[in-house]
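Each chain is listed here by its residues.
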Amino acid sequence: MSIKEKIDNTKLPTHLAIIMDGNGRWAKQKGLLRTLGHESGTKSVKQTVENCARLGIKHLTLYAFSTENWNRPKLEVDTLMKLLISSLKKELKTLKENNIKLNAIGNLTNLPEKVQKELQEVIQKTSENSRMTLTLALSYGAREELIQAVKKISDKVKNNIISTHTIDESIINEHLYTHNLPDVDLVIRTSGEHRISNFLLWQIAYAEFYFTDVLWPDFSEEDLYKAIISYQSRERRFGKTSEQIS
């Protein structure tokens, strides 16, 4: 039996989120510039997106660029932005062929105008696709997302649009970048790091976590399957007892 055949298609995560880490270290290990690590990482992105779509995962969110990443060297940031533009142009055809809808979350107004334009164009051209929603977290930070949500809700309370007594989880969800997405079921982080790095803090409240030492450019189809099989072996109780679940 192949590793893919071990996957139970009835127990797939509805929403898979990936922290794609290790591009720079991958390049350093090979004596290459960090920018070449990012370029190599785009191949893993393409492969993972296509594999998730084929498996039947409905929502895939990739942590592509955080609010903190703006503090990296200018050359690296510029390279990442150019890679994003070229990847969007190049992969539009793939998204259409695979019936994948593109979505983006984060403080998108901080992105260069060329990136914003290309991003919105691909989002518009894939808006009717329904097989899978691919969400790119760009200029994204969970704390900033929560701050913005609090500000929006506060304004509505101030203007008597909503009452403080009606604020609950659904109200908060409505004001997050991810208001059109379900909660995350599984988070994968590559490169051996064991932290969240300000990613989807609200949405991962009951997510399962899978950490692998594999650097992102080396993340393969088999690595994806291993993560999903691990997820499927776990008992998700959501605060209940095993007896209640069974």
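Everything below is about the structure shown above.
Throughout what follows, the structure given in this document is the object of discussion. (Residues numbered from 1 in each chain as written. Predicted model: local features only at pLDDT ≥ 70, side-chain atom pairs only at ≥ 80, totals over all residues. Heavy atoms only, no water.)

**Some remarks on the overall build of the protein chain**
Then, in step 1: Check the secondary structure of the protein chain and you find 8 helices and 6 strands.
Then, in step 2: Mapped from its N terminus to its C terminus, the protein chain presents α and β elements in the order β-α-α-β-α-β-α-β-α-α-β-β-α-α.
Then, in step 3: A compact globule built from 246 residues would reach a C-alpha radius of gyration of about 18 Å, and the protein chain, at 19 Å, matches this within 12%.
Then, in step 4: Here the C-alpha coordinates of the protein chain stretch approximately 55 × 50 × 35 Å along the principal axes.
Then, in step 5: Here the protein chain holds 246 residues, and 48% of them are scored as buried.
Then, in step 6: Summarising the internal contacts of the protein chain: among those between residues at least 6 apart in sequence, 77% fall at separations of at least 24.
Then, in step 7: Element-wise, carbon and sulfur atoms account for 49% of the exposed surface of the protein chain, whose accessible area totals about 13300 Å². (Helix = DSSP H or I, 4+ residues; strand = E, 2+ residues; numbered from the N terminus. Rg over C-alpha atoms; globule rule 2.2 N^0.38 Å. Buried < 20%, exposed > 50% of the residue type's maximum accessible area, 1.4 Å probe, protein only. Contact = heavy atoms within 4.5 Å. Areas by Shrake-Rupley, 256 points an atom, 1.4 Å probe, with all protein chains shown as cover.)

**With respect to the nonpolar core**
Nonpolar side chains tend to gather and get buried jointly when the protein is soluble and globular.
Then, in step 1: Leu16, Leu60, Leu102, Leu119, Leu134, Ile188 and Leu224 are the most contacted members of the largest nonpolar core, which totals 44 residues.
Then, in step 2: Here this core takes 8 residues from helix H3 (residues 74-97), the largest share from any one element.
Then, in step 3: One finds Ala17, Tyr63, Ile105 and Tyr177 within the second-largest nonpolar core, a separate group that totals 14 residues. (Core = buried A, V, L, I, M, F, W, Y, C linked by side-chain atoms within 4.5 Å.)

**Focus: unusual backbone geometry**
Then, in step 1: Backbone geometry places asparagine 99, a non-glycine residue, at a positive phi of 60 degrees.
Then, in step 2: Along the chain, the position of asparagine 99 falls in the loop between H3 and strand E3 (100-105).
Then, in step 3: One non-glycine residue with positive phi stands out, namely asparagine 160, at about 60 degrees.
Then, in step 4: Along the chain, asparagine 160 falls in the loop between helix H5 (142-158) and helix H6 (169-174).
Then, in step 5: Judged by relative accessible area, which is 69%, asparagine 160 ranks as exposed.

**Focus on the environment of lysine 82**
Then, in step 1: Here lysine 82 lies in helix H3.
Then, in step 2: Once the C-alpha coordinates of lysine 82 and valine 115 are considered, the two residues, 33 residues apart in sequence, prove to be 8.1 Å apart.

**Description of the sheet that holds strand E6 (residues 208-211)**
Then, in step 1: Overall, parallel pairing links the 6 strands, which are arranged E3-E4-E2-E1-E5-E6 in an open sheet. Only two strands of the sheet have a single neighbouring strand rather than two, namely E3 and E6. The sheet shows a mean angle of 20 degrees between the axes of neighbouring strands, taken without regard to direction.
Then, in step 2: Together, strand E1 (15-19), strand E2 (59-66), E3 and strand E4 (132-140) form the strand contacts of helix H2 (residues 34-55), whose direction differs from that of E2 by roughly 160 degrees.
Then, in step 3: H3 contacts E2, E3 and E4 of the sheet and is inclined by roughly 165 degrees relative to E4. (Pairing = 2+ DSSP bridges. Axes fitted to C-alpha atoms, helices over the stretch in contact; angles between N-to-C directions.)

**Thoughts on the pattern of salt bridges**
Then, in step 1: Under the defined criterion, the tally for this structure stands at 16 salt bridges.
Then, in step 2: A salt bridge links glutamate 97 to lysine 93; its shortest N-O distance comes to 4.0 Å. Within this pair, glutamate 97 and its partner lysine 93 are both found in helix H3, separated by 4 residues, close to a single helical turn. Summarising the burial analysis for this pair, glutamate 97 and lysine 93 share the class exposed.
Then, in step 3: Salt bridges here are not isolated pairs; linked through shared partners, they connect Asp21, Arg25, Arg189, Glu193 and Arg195. (Salt bridge = Lys/Arg side-chain N within 4 Å of Asp/Glu carboxyl O.)

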